[in-house]
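If you want the building blocks of each chain, they are given just below.
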Amino acid sequence: MLTLYSYWRSSAAYRVRIALNLKGLAYRQVPVHLVKDGGQQHASDYLALNPQGLVPLLVDEEGGGVHISQSLAILEYLDEVFPVPALLPVEPPQRALVRALALHIACDVHPLNNLRVLQYLSGELGVDDEAKNAWYLHWVRNGLAAVEQGLAVFGGRLSLGQRPGYLEACLIPQLYNARRFACDLSAYPRLLDMEARCQDLEAFQQAAPEVQPDAQ
């Protein structure tokens, strides 16, 4: 039994839902509301499970009850424990390329605009909404522009040729997040093409924030 501690709008949890669905793995979700009650991720019972106080968290009961935090670590774990279908290419150069683009999204773009950073800008630093949105758009545009260039090597294909995997699991949630903040994506045709190739697939539709059990 796999248990995913998740929040419907969390981009990081969204990545893991996509990966689980791509692999056809059954899992149950435990919602952790990142805003309600001051943020349920800060509650003592959740911190006992995940001292980082973040989502997602994956618990693999059949794997000895292992607790895995950090979305990309979870994706790597799933690919090692449930190798078929793979999320990453077979050849090391292609694997490295996919990882590099995914890491850019997950480690360079997303952390600068996630909820706790935006809350800190507003609450602790007193940044007004206009300046906060300018911060968000600056970093997202810069990051997506780099990914747009990086996708040129795929020649319009998905990261695994005819099917999506690790990279798409990171990209699609970031595009969803960007639209929430009214970021114009028209300058990124390769990103939009990759998204279009994924959006009709059941694995992505079932992972979408609006259809999660805790969606509001």
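Because the structure is a prediction, the values reported are computed rather than measured.

## Structural notes on unusual backbone geometry
Omega for the bond connecting Val55 with Pro56 falls within 30 degrees of zero, at 5°, which places this linkage in the cis form. Examined against the element boundaries, Pro56 turns out to sit in the loop between helix 2 (44-49) and strand 3 (57-60). With phi around 60°, Asp37 is a residue other than glycine that occupies positive phi space. Look at Asp37 and you get exposed, because its relative accessible area is 65%. The backbone of Ala182 sits at a positive phi, close to 60°, despite the residue not being glycine. Summarising the element assignment, Ala182 is placed in the loop between helix 7 (166-180) and helix 8 (189-199).

## Regarding the domain arrangement of the protein
Entries for the protein in the domain assignment read domain 1 (2-85) and domain 2 (92-204). Of note, the centres of domain 1 and domain 2, computed from C-alpha atoms alone, are 20 Å apart. The interface is formed by 15 residues belonging to domain 1 together with 22 residues belonging to domain 2. Interface of domain 1 and domain 2: buried area, both sides summed, is about 1,800 Å²; carbon and sulfur atoms make up 63% of it. On the domain 1 side of the interface with domain 2, the three residues burying the most area are Tyr14, Arg15 and Leu72, jointly 31% of the side's total. At the boundary of domain 1 with domain 2, the tally comes to one salt bridge. Of the charged contacts, one joins Glu76 and Arg99 as a salt bridge, the two residues approaching to 3.0 Å between their closest N and O atoms. The tally of links from domain 1 across to domain 2 stands at five residue pairs in polar contact (both at pLDDT 80 or more). Within the residue set of the side of domain 1 that touches domain 2, elements represented by two or more residues are helix 1 (11-22) and helix 3 (71-81). At six residues, the largest contribution of residues to the side of domain 1 that touches domain 2 is made by helix 1. Class assignment of the residues belonging to the side of domain 1 that touches domain 2 gives a composition of ten nonpolar, two polar and three charged.

## Things to note about the side chain of Thr3
Tracing the backbone shows Thr3 in strand 1 (residues 2-6). Taking the relative accessible area as the measure of exposure, Thr3 reaches 2% and is therefore buried. Within the structure, Thr3 has its side chain in polar contact with the side chain of Arg28 (distance 3.1 Å). When residues no more than four places from it in sequence are discounted, the contact partners of Thr3 are Arg28, Val30, Leu57, Leu58 and Val59.

## A word on the packing of aromatic side chains
The full count for this structure, using the stated rule, is five aromatic pairs. Between Tyr5 and Tyr46, the ring centres sit 5.9 Å apart and the planes meet at 55°, which makes this aromatic pair tilted. Here the residue Tyr5 occupies a position in strand 1, and Tyr46 occupies one in helix 2, the gap between them amounting to 41 residues. Where Trp135 meets Trp139, the ring centres are 5.9 Å apart and the plane angle is 70°; that geometry is what we call edge-to-face.

## Some thoughts on the sheet that holds strand 1
Read across the sheet, four strands follow the order 2-1-3-4 without closing on themselves; strand pairing throughout is mixed. The open sheet has two free edges, formed respectively by strand 2 (27-31) and strand 4 (66-69), since each of these has just one partner strand. Across the sheet, the mean angle from the axis of one strand to that of its neighbour is 20°, orientation sign disregarded. Note: strand 1 against strand 2, five bridges, orientation parallel. Among the inter-strand pairings, Leu2 is bridged to a residue of strand 2, identified as Tyr27. Where helix 1 meets the sheet, it contacts strand 1 and strand 2, and its direction lies at approximately 155° from that of strand 1.

Cut-offs used in this document
Residues numbered from 1 in each chain as written. Predicted model: local features only at pLDDT ≥ 70, side-chain atom pairs only at ≥ 80, totals over all residues. Heavy atoms only, no water. Helix = DSSP H or I, 4+ residues; strand = E, 2+ residues; numbered from the N terminus. Buried < 20%, exposed > 50% of the residue type's maximum accessible area, 1.4 Å probe, protein only. Domains from an automatic or database assignment. Contact = heavy atoms within 4.5 Å. Buried area = accessible area lost by both parts, 1.4 Å probe. Salt bridge = Lys/Arg side-chain N within 4 Å of Asp/Glu carboxyl O. Polar contact = N/O pair within 3.5 Å; in protein donor to acceptor, adjacent residues only side chain to side chain. Nonpolar A, V, L, I, M, F, W, Y, C, P; charged D, E, K, R; others polar. Phe/Tyr/Trp six-rings, centres within 6.5 Å; stacked < 30°, edge-to-face > 60°. Pairing = 2+ DSSP bridges. Axes fitted to C-alpha atoms, helices over the stretch in contact; angles between N-to-C directions.

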